[in-house]
Each structure stands twice: as structure tokens, then as C-alpha cells.
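Chain residues, written in single-letter form:
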Amino acid sequence: MADGGDADFVDAAERPGAVILARHGEPALSRAVRLSADQYREWWADYEVGGLAAGQAPPERLLRAAERAGFLIASTRLRSVETARALADGRAFAEDPLFIEAPLPPPHWPAWLKLSPRIWGVIARFWWWWFNHHDHQETRAEAHERADEAAHQLIELAAGGQDVLVVAHGFFNFMVGRALARHGWRRVEKGGYGYWAASRFEAQR
């Protein structure tokens with residue numbers, strides 16, 4: 001019969017690592033504009049291909065999480081790749097389109113109505129989530145499936161005991177977090193959804 005020390009060692013070896021969902025740093029594209037719905041659609045297209053604003057430094061807590069992580073994954077959007085590069089300190093990391101942001105097509109409202117990109121983002125997300133307004137892009141149901149697939153992959157990676165850090169996007173991270181919760185994972189650190197924010201999930205025992 002193994003003594004308590006051996007049992008603790010086996011238990012620690014079998015314990016999954018954590019999954020850390022981090023949002024990218026602040027993008028370079030200015031939000032200090034007022035746009036029509038069509039102009040916001042163009043603005044979002046530019047946002048999707050743009051990188052980070054200059055002069056940012058990752059939070060120390062997130063740097064430490066990246067150092068400890070056995071796996072570092074970025075979405076394929078440039079803002080996520082540049083964020084992961086700032087965290088990786090020369091380490092290789094994966095880039096995976098599975099983690100790109102859910103789409104934000106605005107409703108087709110009249111051109112005279114001009115709002116900030118932040119307000120358009122809230123409206124577009126509401127229309128996409130509640131009214132299934134997708135403009136031939138990914139639907140809410142499809143994004144749910146993608147988030148569930150992402151959660152499965154992250155759980156498999158963490159099964160060996162190493163932490164997994166994902167650098168992705170605010171709303172899709174929220175969806176992946178919900179998928180992890182459905183699979184028995186609990187958020188033990190809530191970092192919010194701002195730039196450079198991160199939340200930590202661990203398997204419930």
C-alpha cells in the first residue's frame with residue numbers, strides 16, 4: 001500500500017493544468033471617430049487586420065503566466081499574434097484560426113446615424129446574439145460550435161498537467177469560458193475582458 005506521499009505525487013501528476021484565456025493588447029486603430037453602419041463595417045475590417053498600438057508593455061502577472069505555461073496559443077489575427085510575441089520572450093507559439101473573434105456585422109441602419117465604434121460594437125453584438133444578424137458570416141450557433149471545439153482542444157492540452165495560455169479576443173474568450181464551464185471547469189481568477197486581461201480556469205475535482 002502506497003504511503004500518503006506517494007499518493008499525493010500521483011494525484012499531482014494526474015491533475016490537469018489550468019486554461020488561461022487572455023485578451024490581446026490595445027490595437028492601433030483609433031476609436032475616436034463617429035461612423036455610419038457602413039463605415040463601421042469598413043472600420044471593423046481594418047481592425048481585424050491591424051496590429052497593436054506602440055508603447056505597450058504586458059502586465060507582469062500575465063508575463064509570469066506565460067512563463068509557466070506549457071502551451072501558448074494565439075489567434076491568427078495580427079493583434080493577437082503581436083500580443084503573444086510580447087509574452088513569449090522568444091519562445092515559439094502556435095497560431096490557430098479556431099480562436100479568432102466572433103463577427104460583428106452592424107445592422108443596416110440609415111447613413112445619417114453616426115456612432116462611435118464602441119457603441120456600434122455593442123449594437124452589432126446584440127443584433128448578432130439575439131437576432132441572429134450575421135450578414136452571411138458566422139452565425140451564433142456556428143460560433144457556439146467553434147467555442148465548444150476550442151474548449152475540447154484546450155482541455156486535451158491541459159490534461160498532461162501543463163497550463164495552456166490562449167491569447168485571443170474578448171467576446172470569443174467569453175464563449176470559450178462558457179464552454180469550459182459546461183465541461184466542468186471553474187473560473188478561479190476573473191480578469192475581465194479589457195486589453196491584456198486574463199481569466200484562469202481549472203478543472204473541478
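About the criteria used
- Residues numbered from 1 in each chain as written.
- Predicted model: local features only at pLDDT ≥ 70, side-chain atom pairs only at ≥ 80, totals over all residues.
- Heavy atoms only, no water.
- Helix = DSSP H or I, 4+ residues; strand = E, 2+ residues; numbered from the N terminus.
- Buried < 20%, exposed > 50% of the residue type's maximum accessible area, 1.4 Å probe, protein only.
- Contact = heavy atoms within 4.5 Å.
- Areas by Shrake-Rupley, 256 points an atom, 1.4 Å probe, with all protein chains shown as cover.
- Lys, Arg positive; Asp, Glu negative; His and termini not counted.
- Charge placed at Lys NZ, Arg CZ, Asp CG, Glu CD.
- Salt bridge = Lys/Arg side-chain N within 4 Å of Asp/Glu carboxyl O.
- Pairing = 2+ DSSP bridges.
- Phe/Tyr/Trp six-rings, centres within 6.5 Å; stacked < 30°, edge-to-face > 60°.
- Patch = residues over 30% accessible without salt bridge, like charges linked within 9 Å, V, L, I, M, F, W, Y side chains within 5 Å.
- Core = buried A, V, L, I, M, F, W, Y, C linked by side-chain atoms within 4.5 Å.

*Asks:* Can you help me understand the overall build of the protein in this one?
*Replies:* Check the secondary structure of the protein and you find seven helices and six strands. Reading the protein from its N terminus to its C terminus gives the helix and strand order α-β-α-α-β-α-β-α-α-β-α-β-β. Based on the C-alpha atoms only, the size of the protein along its principal axes is roughly 75 × 40 × 25 Å. Within the protein, the fraction of its 205 residues that count as buried is 42%. Partitioning the intrachain contacts of the protein with sequence separation of at least 6 by distance along the chain shows that 72% fall at a separation of at least 24. Counting only carbon and sulfur atoms, one obtains 54% of the accessible surface of the protein, whose full area is about 10,800 Å². Between the mean site of the 24 positive side-chain charges and the mean site of the 27 negative ones, the protein shows a separation of 8 Å.

*Asks:* What am I meant to see in the pattern of salt bridges here?
*Replies:* Side chains that carry opposite charge are capable of pairing whenever their charged atoms lie near each other. According to the stated counting rule, one finds nine salt bridges in the structure shown. Glu48 is the partner of Arg77 in a salt bridge, and the nearest nitrogen-oxygen pair spans 3.2 Å. With Arg77 in the loop between strand S2 (71-74) and helix H4 (78-88) and Glu48 in helix H2 (residues 37-49), the pair connects residues that are 29 residues apart, well separated along the chain. By relative accessible area, which is 12% here, Glu48 ends up buried. One salt bridge in this structure joins Asp163 and Arg200, with 3.6 Å as the shortest N-O distance. You can see Asp163 sitting in the loop between helix H6 (140-158) and strand S4 (164-168) and its partner Arg200 sitting in strand S6 (residues 198-203), a full 37 residues away along the chain. Assigned by exposure class, Asp163 and Arg200 land together as buried. Through salt bridges with shared partners, a single network forms among Asp38, Arg41 and Asp135.

*Asks:* Whenever I open this one, unusual backbone geometry confuses me. Can you help?
*Replies:* Trans peptide bonds make up the majority, and among non-glycine residues the majority have a negative phi. A positive phi angle, close to 55°, is found at Asp89, a residue other than glycine. Within the secondary structure, Asp89 sits in the loop between H4 and strand S3 (94-95). For Asp89, a relative accessible area of 72% corresponds to the exposed category.

*Asks:* Quick question: what am I supposed to make of the pairing of strand S1 (residues 19-23) here?
*Replies:* The two faces of a sheet get side chains in turn, since along a regular strand they alternate between them. By the criterion of burial, S1 is predominantly enclosed, with five of the five residues buried. Burial along S1 is two-sided: the face carrying Val19, Leu21 and Arg23 and the face carrying Ile20 and Ala22 are both buried. Judged from the five bridges that link them, S1 and S4 form a sheet pairing that is parallel. Within S4, the residue paired with Ile20 across the bridge is Leu165.

*Asks:* Explain the packing of aromatic side chains to me, please; I cannot follow it from the model alone.
*Replies:* Each aromatic ring pair is described using two quantities: the centre-to-centre distance and the angle formed by the ring planes. Counting across every chain of the model gives 14 aromatic pairs. Between Tyr40 and Trp43 the ring centres are 5.8 Å apart and the planes differ by 15°, which places this aromatic pair in the stacked class. With a gap of three residues between them, Tyr40 and Trp43 both fall in helix H2, about one helical turn apart. Each member of the pair, Tyr40 as well as Trp43, carries the same accessibility label: buried. Look at Trp109 and Trp127: their rings are 5.2 Å apart centre to centre, the planes differ by 90°, and that puts the pair in the edge-to-face class. Residue Trp109 is located in the loop between S3 and helix H5 (117-131), and its partner Trp127 is located in helix H5; the two are separated by 18 residues in the primary sequence.

*Asks:* Whenever I open this one, a nonpolar patch on the surface confuses me. Can you help?
*Replies:* Side chains of Phe126, Trp130 and Phe131 sit close together on the surface and give an oily, nonpolar patch of about 380 Å² of accessible area. Tracing the chain through its elements places Trp130 in helix H5. On the basis of relative accessibility, which here comes to 57%, the residue Trp130 falls in the exposed class.

*Asks:* Explanation requested: the nonpolar core in the structure shown.
*Replies:* General note: in soluble globular proteins, nonpolar side chains tend to be found buried as a group. In terms of nonpolar packing, the biggest core is built from 24 residues, with Val19, Leu21, Phe99, Leu154, Val176 and Leu180 touching the most fellow members. Those elements that place two or more of their residues in this core are S1, H5, H6, S4 and helix H7 (170-182). For this core, the element with the most residues is H6, which contributes six residues. For Leu180, the residues in contact, after removing those within four places along its chain, are Val19, Leu21, Ala151, Ile155, Trp185 and Phe201.

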